[in-house]
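Residue-level listing of the chains:
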Amino acid sequence: MLRLTDTMTKSVREVVPGTPGLLTVYACGPTVYRYAHVGNLRTFLLTDLIRRTAERRGLRVKLVQNITDVGHLQDDSAIDSSGEDKLLAQARLEDKSPFVIARFYEDAFHRDLATLNVRPADAYPRASEWIDAMVALISRLIDAGNAYVGDDGSVYFAAESYDGYGRLSGNRLEDLRAGHGATGESAATGKRFHADWALWKKAGENREMTWDSPWGFGFPGWHVECSAMSLDLLGDRFDLHTGGIDLRFPHHEDERAQSNCAVGHEVVGHWTHGEHLLFEGRKMAKSTGNVVLVSDVVERGHDPLALRLAFLSSRYRQQANLSWDAIAGAARTLDRWRAAVAAWAESPSAPLAQAYADELLGAFEDDLDTPRALQVLRRLEKDAAVPDGAKFETFAWGDALLGLDLVRQVGQPVVATELPPGAQELLDERATARAGKDFAASDRLRDELAGLGVAVKDTPGGQEWSLT
Ligand code: AMP
Ligand code: ZN
């Protein structure tokens, strides 16, 4: 069975479904004020790998991933985040309504996931559409004595009311005094204790995205969103919660306190966090200025699934240092495997190479040891004792775990139908532009082709087109 590192116990533990045959998972999703960078996508891929591994053993996976479109403020490393709402700031910058911004980047997020073969979740609840559930949860916490209305009209969670606070991240309340949540906040807010955090923030003047509530107009805190949505959609006990390592504190610590206090017991069975992606040695982040997007990978002429393969070559619980060389190397391997699989497909069919298949699944189940899984495939590729037909079967079987589209024809159009008049000329021109690294012309030609109803995708085998 699947074993994963559990942040709470700091050990690799079996993930045990509460309901036999059904694995319930909540994954923290994106804040939709910008394109997801490939670091964010590495974290989203973690949940996809878990899901594929569980499904390979016949489990059904119910996955919920939230869309944060309100309440995520700039200073999210503080226990009680402060500053401007990330979405409102971006809306001001682009001179658009915050909801236009949110829907635009939400669409982009779904496209990026699809490009990387990350299968869709069962539900993508938006924070802005779950305000009622959050208000109900906050009322419940006030009634239970875990939350209070502060002097400033905002509602705060009383950190000291929950004994188990700090168990997930190791941050004890007494240690927080000098650090997170202490500096520069208490004077300006109506909280009673430095480590309390806002569940509902009273609206300031002219604040867009506010809602009425028993405490007046305001907006929810970021942490309460995930408690309300997970409890509502997955119930008061679910099996696994995922997210990036930076979310362990304060986001998940606070979510755990809220959820556990609301229902009176431990809600999440297993917490698993993905380590950060570095790019050329530095953490990928907007603030670091080293953001790479899926579109940048495609712009450079790589199949975006090369990125997926590059991620698989390091383990999720370790930092991964990505580079353009690593992506190019992964693209070459992908090319080689696809060509090999296509060649093996021509051979007489043969049963699965069971020992290799077992080893492959075993590596995935062993805390997602994806580097080992890739070694298994490399060994199988070279093993002269295994007939080609069996190699084909085993790679195809393994691709349900890997998600690399290993069984497809290189360089062929996805849908073979007739191009509209003039499109072939534009495709040829674009191929020449790309060969000459004239990306501006290539983009212009892609737009012109889109105008003719032709979508173009760049792959290692050249450009692929399909009719839209
Ligand atoms: P955000 O959209 O900023 O809320 O982040 C979405 C997800 O990406 C969260 O789970 C973060 O923990 C995760 N994340 C942010 N930066 C990185 C990074 N450099 N590498 C991996 N995951 C990241
Ligand atoms: Zn969350």
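Scroll up to find the structure.
Being a predicted model, the structure only gives us computed values, none of them experimental.

Cut-offs and rules
- Residues numbered from 1 in each chain as written.
- Chains lettered and ligands numbered in written order.
- Predicted model: local features only at pLDDT ≥ 70, side-chain atom pairs only at ≥ 80, totals over all residues.
- Heavy atoms only, no water.
- 1 Å grid on protein atoms, 1.4 Å probe; cavity = no way out; pocket = protein on both sides within 12 Å on 5 of 7 lines; lining within 4 Å.
- Points joined across faces, edges and corners; volume = space filled by probe spheres on them.
- Helix = DSSP H or I, 4+ residues; strand = E, 2+ residues; numbered from the N terminus.
- Nonpolar A, V, L, I, M, F, W, Y, C, P; charged D, E, K, R; others polar.
- Domains from an automatic or database assignment.
- Near = heavy atom within 4 Å.
- Polar contact = N/O pair within 3.5 Å; in protein donor to acceptor, adjacent residues only side chain to side chain.
- Sits in = over half its atoms within 2 Å of the grid points.
- Expected span 1.5 Å × (residues − 1).
- Buried < 20%, exposed > 50% of the residue type's maximum accessible area, 1.4 Å probe, protein only.
- Contact = heavy atoms within 4.5 Å.
- Pairing = 2+ DSSP bridges.
- Donors = N, O, S within 2.8 Å, 3.2 Å for Na, K, Ca; no water.

Student: Teacher, can you tell me more about empty space enclosed by the protein here?
Tutor: Going through the model one piece at a time under the given rule, you end up with five cavities of 30 Å³ or more. Taken as a whole, the largest cavity holds about 110 Å³ of empty space. Lining the largest cavity are 14 residues, with Arg 42, Leu 49, Phe 311, Ser 314 and Tyr 316 sitting closest to its centre. Element by element, the count of residues in the lining of the largest cavity is highest for helix 1 (residues 38–56), at five residues. Within the lining of the largest cavity, the residues separate by chemical class into seven nonpolar, four polar and three charged. Taken domain by domain, the lining of the largest cavity gets at least three of its residues from each of domain 1 (3–274) and domain 2 (277–402). Quantified by volume, the second largest cavity comes out at close to 60 Å³. Together, Phe 44, Thr 47, Asp 48, Leu 63, Gln 65, Leu 113, Val 118, Arg 119, Ala 121 and Tyr 124 line the second largest cavity. Among the secondary structure elements, those contributing two or more residues to the lining of the second largest cavity are helix 1 and strand 4 (60–65). Element by element, the count of residues in the lining of the second largest cavity is highest for helix 1, at three residues.

Student: Would you explain the site of ligand 1 in this entry?
Tutor: The full set close to ligand 1 counts 19 residues, and Gly 39, Thr 43, Asp 246, Leu 277 and Met 284 are the nearest of them. For ligand 1, a nitrogen atom lies 3.1 Å from a polar atom in the backbone of Gly 39. Asp 246 has a polar side-chain atom sitting 2.4 Å from an oxygen atom of ligand 1. Structurally, ligand 1 is housed in the largest pocket.

Student: Explain helix 13 (residues 388–402) here, please?
Tutor: Each full turn of the α-helix corresponds to 3.6 residues, which orients residues three or four apart in the same direction. Look at helix 13: 20 Å from first C-alpha to last across 15 residues, which is about the 21 Å you get at 1.5 Å a residue. The complete set of buried residues in helix 13 reads Gly 389, Ala 390, Lys 391, Phe 392, Thr 394, Phe 395, Gly 398, Asp 399, Leu 401 and Leu 402. In the core, the buried residues of helix 13 are packed alongside helix 1, helix 9 (305–312), helix 10 (324–344), helix 11 (354–365) and helix 12 (370–382). In the stretch just after helix 13, Gly 403 is the one whose phi turns positive, near 70°.

Student: Which parts of the structure should I look at to understand the pairing of strand 6 (residues 82–85)?
Tutor: Each regular strand displays side chains that alternate between the two surfaces of the sheet. Two elements, strand 5 (residues 73–75) and strand 6, share two bridges in a ladder whose sense is antiparallel. Within strand 6, the residue paired with Asp 75 across the bridge is Ser 82. In this structure, the hairpin formed by strand 5 and strand 6 is closed by a connection of six residues.

Student: Sorry, what's going on with the coordination of the zinc ion (ligand 2) here?
Tutor: A four-donor tetrahedral metal ideally has 109.5 degree angles, and a six-donor octahedral metal ideally has angles of 90 or 180 degrees. The zinc ion (ligand 2) binds to the protein through Cys 28 (SG), Cys 226 (SG) and His 251 (NE2), with metal-donor distances spanning 2.1 to 2.2 Å. One chain supplies every donor for the zinc ion (ligand 2), spaced along it as C-x197-C-x24-H. Of this pair, Cys 28 sits in the loop between strand 3 (22–27) and helix 1 while His 251 sits in helix 7 (residues 248–263), and the two are 223 residues apart along the sequence. Take Cys 28: its relative accessible area is 6%, and that puts it in the buried class. Accessibility expressed as a relative area gives 1% for His 251, which makes it buried.

Student: Would you explain the pairing of strand 1 (residues 3–6) in this entry?
Tutor: Across four bridges, the pairing between strand 1 and strand 2 (residues 11–14) is antiparallel. Bridging across to strand 2, Arg 3 finds its partner in Glu 14. The hairpin turn running from strand 1 into strand 2, its antiparallel successor, is four residues long, and Lys 10 in that turn takes a positive phi close to 50°.

Student: It is not clear to me how the layout of surface pockets should be interpreted in this structure. Could you clarify?
Tutor: Over the atoms rolls a probe the size of a water molecule, and in doing so it shows where empty space is left. By volume, the largest pocket amounts to about 810 Å³. At the level of secondary structure, the elements contributing two or more residues to the lining of the largest pocket comprise helix 1, helix 3 (98–115), helix 6 (222–234), strand 11 (240–244) and helix 7. Considered class by class, the residues forming the lining of the largest pocket number 17 nonpolar, 16 polar and six charged. Here the lining of the largest pocket spans two domains, since at least three of its residues come from each of domain 1 (3–274) and domain 2 (277–402). Counted as a void, the second largest pocket has a volume near 580 Å³. If you go around the second largest pocket, you meet 23 residues; those closest to its centre are Asp 112, Thr 115, Val 294, Ser 295 and Val 298. At the level of secondary structure, the elements contributing two or more residues to the lining of the second largest pocket comprise helix 3, helix 8 (294–299), helix 15 (439–451) and strand 16 (454–459).

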